[in-house]
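# Structural overview for review
Letter by letter, the chains look like this.
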Amino acid sequence: MTQTLKNLQVQIISPNGVVYTKRARKCHVQTIDGGMTILPNHIAMMTVLDISTVVVAPLVEGKPDDYIAINGGLLEIRDNELNIIANMAVRALDIDDAKTKMELSLAEDKLKQAEINQDIRAYHSAEIELRKALNQLDAFKHQHNQ
C-alpha cells in the first residue's frame, strides 16, 4: 500500500545559492502558460516559470504564506519534492522596498527614453526591468499585508 504524503518539500535556488527551503501544504507558481497550484502527490513534471511571485502555504494553517519573487526559472516536481531553479530569487521579507522603488523609477525612465528614441531593443529590455521591479514590489506588498 502506497502512503500518501500531506506536504511538499519546497526549495528555491538562484545563482547565489539556496534562497528558500521549507515543507509546505501547497505552492502556487506562474508558468509561462498560466498559474498553477502544486499540491502533495502531484504528478512528476517540469515547466518553465515566468517573472512572478511564488506563494508557499506553510504546513500550519493560519500562518501567513511565504512570498518569493523570481525572475523566471525552471520548476521540477517529483516525489513531493518541488525544486525551482530561478534566474534570480528573493524572499519578500528580504526585499528592500526603497531600493526596489528606485529600480522601478529607473526602469520607467529607460522605457520612456527608449520610446522617444524608437529603440525597440532598449524598450523590451526596459520593459523586462520594469516587470522585475513590479514583481518584487508586489511580493513585498503581499507579504507585509497579511
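Quick note: structure is the one above.
Residues numbered from 1 in each chain as written. Predicted model: local features only at pLDDT ≥ 70, side-chain atom pairs only at ≥ 80, totals over all residues. Heavy atoms only, no water.

Here we come to the overall build of the chain. What the chain contains, in helices and strands, is two helices and seven strands. In terms of principal-axis extent, the alpha carbons of the chain reach across some 65 × 30 × 25 Å. Out of the 146 residues in the chain, the part that is buried amounts to 37%. Considering only intrachain contacts with a sequence separation of at least 6, the fraction spanning at least 24 residues in the chain is 56%. Here the chain has roughly 8900 Å² of accessible surface; of this, 52% comes from carbon and sulfur atoms. When the 16 positive and 19 negative side-chain charges of the chain are each reduced to one mean point, those points stand 5 Å apart. (Helix = DSSP H or I, 4+ residues; strand = E, 2+ residues; numbered from the N terminus. Buried < 20%, exposed > 50% of the residue type's maximum accessible area, 1.4 Å probe, protein only. Contact = heavy atoms within 4.5 Å. Areas by Shrake-Rupley, 256 points an atom, 1.4 Å probe, with all protein chains shown as cover. Lys, Arg positive; Asp, Glu negative; His and termini not counted. Charge placed at Lys NZ, Arg CZ, Asp CG, Glu CD.)

Among the nonpolar cores identified, the biggest contains 19 residues, and Val10, Ile12, Val54, Leu82 and Ile84 are the most heavily contacted of them. Breaking this core down by element, the ones donating at least two residues are β1 (8–14), β2 (17–31), β4 (45–58), β5 (66–78) and β6 (81–86). Apart from residues no more than four positions distant in its own chain, Val54 is found in contact with Ile12, Cys27, His28, Val29, Asp66, Tyr67, Ile68, Ile70 and Ile84. Within the second largest apolar cluster, eight residues are counted, among which are Val55, Tyr67, Ala69 and Ile95. (Core = buried A, V, L, I, M, F, W, Y, C linked by side-chain atoms within 4.5 Å.)

For the rest of this paragraph, the subject is the pairing of strand β3 (residues 34–38). Note that β2 and β3 share five bridges and pair antiparallel. Bridge pairing in β3 links Val29 to Met36. Between β2 and β3, which pair antiparallel in sequence order, lie two residues. (Pairing = 2+ DSSP bridges.)

Another point: unusual backbone geometry. It is generally the case that most residues other than glycine have a negative phi and that most peptide bonds are trans. Positive phi is not limited to glycine here, since Asn41 has a value of about 65°. The residue Asn41 is located in the loop between β3 and β4 in this model. Judged by its relative accessible area of 41%, Asn41 is partly exposed.

Moving on to helix α2 (residues 120–144). Residues that lie three or four places apart on an α-helix share one face, since the helix turns once every 3.6 residues. For α2, spanning 25 residues, the distance from its first C-alpha to its last is 36 Å, which sits close to the expected 36 Å at 1.5 Å a residue. If you check which residues of α2 are buried, you get Ala126, Leu130, Ala133, Asn135, Gln136, Leu137, Ala139, Phe140 and Gln143. Packed against the buried residues of α2 are β4, β5, β7 (89–91) and α1 (97–117). You can read the cap of α2 off the contacts: a side-chain oxygen lies 3.2 Å from the backbone nitrogen of Arg121, and it is on Asp119. (Expected span 1.5 Å × (residues − 1). Polar contact = N/O pair within 3.5 Å; in protein donor to acceptor, adjacent residues only side chain to side chain.)

Turning next to a nonpolar patch on the surface. There is a patch of nonpolar side chains on the surface, built from Ile32, Met46, Val48, Leu74 and Ile85 and spanning about 450 Å² of accessible area. Of the residues examined, Val48 reaches a relative accessible area of 40% and is grouped as partly exposed. (Patch = residues over 30% accessible without salt bridge, like charges linked within 9 Å, V, L, I, M, F, W, Y side chains within 5 Å. Salt bridge = Lys/Arg side-chain N within 4 Å of Asp/Glu carboxyl O.)

Taking 1.5 Å per residue, 21 residues should reach 30 Å; α1 reaches 30 Å between its end C-alpha atoms and fits that length. Along α1, the positions that sit buried rather than exposed are Thr100, Leu104, Ala107, Leu111 and Ala114. Angular distribution of buried residues about the axis of α1 spans 90°; they occupy a single face of the element. Along α1, the residues that are exposed and aim more than 90 degrees away from the buried face are Ala98, Lys99, Met102, Lys112 and Ile116. The secondary structure elements touched by the buried residues of α1 are α2. Its side-chain oxygen placed 3.2 Å from the backbone nitrogen of Ala98, Asp96 serves as the N-cap of α1. Positive backbone phi, approximately 55°, marks Gln118, located one or two places after α1. (Arc of directions from axis to C-beta.)

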